Amino acid sequence: MFPFITEEHRMIEAAARDFARNSIAPIAAEHDETGEFPIQTIREMGQLGFMGIEVPEEYGGAGMDTMAYVLAMVEICKADASHGTIMSVNNSLYAHGLLKFGTEDQRQKYLVPVATGQKIGAYSLTEPMSGSDAGTMKSRAVLNPEGTGYVINGRKSWVTSAPYADFIILFTMTQPEKKHKGVTAFIIETDQPGFARGKKEPKLGIRASATSEIIFDNYFCPVENRVGAEGDGFKIAMTVLDAGRIGIAAQALGIAEAALEASVAYAKEREAFGQKIGEFQQIQAKLADMKCRVDASRLLIYQAALAKMAAKDGGGRYSMEASEAKLFASETAMWVTTQAIQIHGGMGYSKEMPLERYFRDAKITEIYEGTSEIQRMVIARALTGLR
Ligand code: CAA
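Residues numbered from 1 in each chain as written. Predicted model: local features only at pLDDT ≥ 70, side-chain atom pairs only at ≥ 80, totals over all residues. Heavy atoms only, no water.

## Looking at helix α1 (residues 7–34)
Reasoning step 1: If you check α1, its first and last C-alpha atoms are 38 Å apart, about what 28 residues at 1.5 Å a residue would give, namely 40 Å.
Reasoning step 2: Where α1 bends most, the angle comes to about 50 degrees, and this point is Ile24, followed within four residues by the proline Pro26.
Reasoning step 3: Those residues of α1 that sit buried are His9, Ile12, Glu13, Ala16, Phe19, Ala20, Ile24, Ala28, His31 and Asp32.
Reasoning step 4: Check the buried side of α1 and you find it contacts α2 (39–47), α3 (66–79), α4 (81–101) and α10 (355–364).
Reasoning step 5: Following α1 by one or two positions, Gly35 has its phi on the positive side, about 75 degrees. (Helix = DSSP H or I, 4+ residues; strand = E, 2+ residues; numbered from the N terminus. Expected span 1.5 Å × (residues − 1). Bend = angle between axes of the 7 residues up to and from the residue. Buried < 20%, exposed > 50% of the residue type's maximum accessible area, 1.4 Å probe, protein only. Contact = heavy atoms within 4.5 Å.)

Following this line, the structure appears as structure tokens:
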């Protein structure tokens with residue numbers, strides 16, 4: 001049906017589906033309840049190549065493309081979006097950034113162990129007073145007089161995987177007077193002095209993925225750990241987010257697919273007024289609309305993945321396609337999970353079934369890696385050329 005999806009793509013999709021069904025689905029509800037980080041299954045996902053799908057084999061990855069990444073993400077997220085969050089940050093926000101902008105030494109030291117899943121990577125842009133307006137950060141990195149490294153101070157927030165991350169790509173200000181052109185990227189080792197984690201955020205959804213603040217108190221970052229030149233950080237952050245947004249769109253699609261499948265099964269099984277509820281037109285209309293939106297999300301995600309793959313060699317941008325996919329798929333996930341609960345009635349509201357988890361997990365996809373409002377801004381700016 002889709003000529004651009006090869007046998008090899010279908011193989012990684014099937015491998016992800018098997019692992020998700022056999023190893024993730026059985027533990028998803030318990031980890032959601034306890035909020036415990038699923039370190040064991042994440043390590044196993046690393047061994048299977050899911051933690052660095054697009055990273056070339058020479059750097060420890062699976063050496064596949066963006067289509068393989070999105071197909072695998074969908075399958076993992078159908079079982080559990082928390083695993084998907086950890087996988088997505090590792091793959092797109094961390095590994096993609098280092099692969100694209102890191103030096104050979106940085107890739108050997110900081111990409112190989114993360115692409116293999118032995119270590120966990122994170123990405124830190126947001127601050128308590130700087131979220132959507134990402135160029136207004138208060139944290140600072142100051143080059144020491146010897147020119148050997150930077151002293152970093154400040155506080156970053158909402159860092160996915162931070163409580164367990166070994167390495168973090170940090171975006172902070174080196175020249176605040178230059179605003180976004182004064183942002184620089186660094187690789188942070190989280191076992192070094194001057195680095196601390198804040199409290200783990202209690203969250204509505206994706207509860208098994210750990211999120212926290214990180215605090216820098218005279219943290220020394222050697223100059224070799226700067227990614228790109230001083231002032232390149234904002235563009236690096238935005239470029240990496242474009243890739244990340246495709247992964248979040250795939251996460252949203254996985255959640256929506258799971259909710260739709262559960263709803264179809266329930267509509268065929270549950271009876272009311274002497275017939276299957278799937279025979280009522282109101283349920284049929286819901287299922288039909290859910291299916292259309294799920295399939296439309298999938299096509300936008302494929303469009304974005306193909307745009308990213310086409311941009312690879314030319315270095316072109318695919319911001320609009322990535323934002324379209326994330327916007328539509330995340331709003332679809334929220335809408336479809338709401339309908340799925342309605343179809344299930346009281347059972348949908350109960351923790352006995354996974355519907356309420358899907359609903360809670362879906363919400364974050366409209367917020368992180370750029371809110372729906374930001375995605376609309378990116379799309380409209382790309383369409384009009386206006387700011
Ligand atoms: N790729 C490359 N360059 C880009 C770019 C992109 N996608 N987007 C912008 N740029 C460049 C522009 O070309 C411009 O370059 P010049 O200075 O050379 O002209 C520069 O960056 C500044 O661009 P803008 O003037 O458009 O910047 P802006 O301040 O208006 O912001 C924005 C644009 C789209 C709103 C951006 O700030 C944005 O995406 N904000 C949302 C941030 C976000 O997604 N945060 C989530 C963080 S991660 C997270 O959620 C936590 C986690 O752990 C997962």
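## Overview of the site of the ligand
Reasoning step 1: By nearness alone, 27 residues border the ligand, and Ser132, Lys181, Lys235, Asp242 and Arg387 come closest of all.
Reasoning step 2: A distance of 3.0 Å separates an oxygen atom of the ligand from a polar atom in the side chain of Arg381.
Reasoning step 3: Arg387 places a side-chain nitrogen or oxygen 2.7 Å from an oxygen atom of the ligand.
Reasoning step 4: In isolation the ligand offers 1100 Å² of accessible surface; the protein chains occlude 80% of this area.
Reasoning step 5: Elements represented by at least two residues in the shell around the ligand include exactly β3 (149–160), α6 (233–269) and α11 (372–384).
Reasoning step 6: Top contributing element to the shell around the ligand by residue count: α6, with seven residues.
Reasoning step 7: Counted by class, the shell around the ligand contains 11 nonpolar, eight polar and eight charged residues. (Near = heavy atom within 4 Å. Polar contact = N/O pair within 3.5 Å; in protein donor to acceptor, adjacent residues only side chain to side chain. Areas by Shrake-Rupley, 256 points an atom, 1.4 Å probe, with all protein chains shown as cover. Nonpolar A, V, L, I, M, F, W, Y, C, P; charged D, E, K, R; others polar.)

## Observations regarding the nonpolar core
In summary, soluble globular proteins display a tendency toward joint burial of nonpolar side chains.
Reasoning step 1: Counting residues in each nonpolar core, the largest one holds 87 residues, and the members touching the most others are Met45, Ile53, Met87, Ile152 and Ile188.
Reasoning step 2: For this core, the element with the most residues is α6, which contributes 14 residues.
Reasoning step 3: Ignoring any residue separated from it by four or fewer positions in sequence, one finds Met87 in contact with Met45, Phe50, Met51, Ile53, Ala72, Met73 and Ile76.
Reasoning step 4: Core analysis: the second largest hydrophobic core is formed by 29 residues, Val55, Leu93, Ala95 and Val240 among them. (Core = buried A, V, L, I, M, F, W, Y, C linked by side-chain atoms within 4.5 Å.)

## Quick notes on the pairing of strand β1 (residues 121–124)
Reasoning step 1: What you see with β1 is no split at all: Gly121 and Tyr123 on one side and Ala122 and Ser124 on the other are buried throughout.
Reasoning step 2: Examined bridge by bridge, β1 and strand β4 (residues 167–173) share four bridges and lie parallel to one another. From the neighbouring strand, Gly121 faces β4, where its bridge partner is Phe167. (Pairing = 2+ DSSP bridges.)

## Remarks on the environment of Gln284
Reasoning step 1: With respect to the secondary-structure elements, Gln284 resides in helix α7 (residues 281–314).
Reasoning step 2: Assessed through its relative accessible area of 39%, Gln284 is described here as partly exposed.
Reasoning step 3: Sequence spacing of Gln284 and Val264 is 20 residues, and the spatial spacing of their C-alpha atoms is 9.4 Å.
Reasoning step 4: Beyond its immediate stretch of four places on either side in the chain, Gln284 contacts Gly278 and Glu279.
Reasoning step 5: Polar side-chain contacts of Gln284 include one of 3.1 Å to the backbone oxygen of Gly278.

## Observations concerning the packing of α6 against α10
Two quantities define a packed helix pair, namely the angle between the helix axes and the distance between the axes.
Reasoning step 1: Where α6 contacts α10, the two axes come as close as 10 Å, and the packing angle between them is 155 degrees. Regarding the angle of α6 to α10, the classification is roughly antiparallel. Where α6 crosses over α10, the handedness of that crossing is left-handed. Residues Ile255, Ala258, Ala259 and Ala262 of α6 form the contact with α10, whose own contacting residues are Leu355, Tyr358, Asp361 and Ala362.
Reasoning step 2: Considered class by class, the residues forming the contact of α6 with α10 number seven nonpolar, no polar and one charged. (Axes fitted to C-alpha atoms, helices over the stretch in contact; angles between N-to-C directions. Parallel < 35°, antiparallel > 145°, perpendicular 65-115°, else oblique. Left-handed = near helix turned anticlockwise from the far one by under 90°.)

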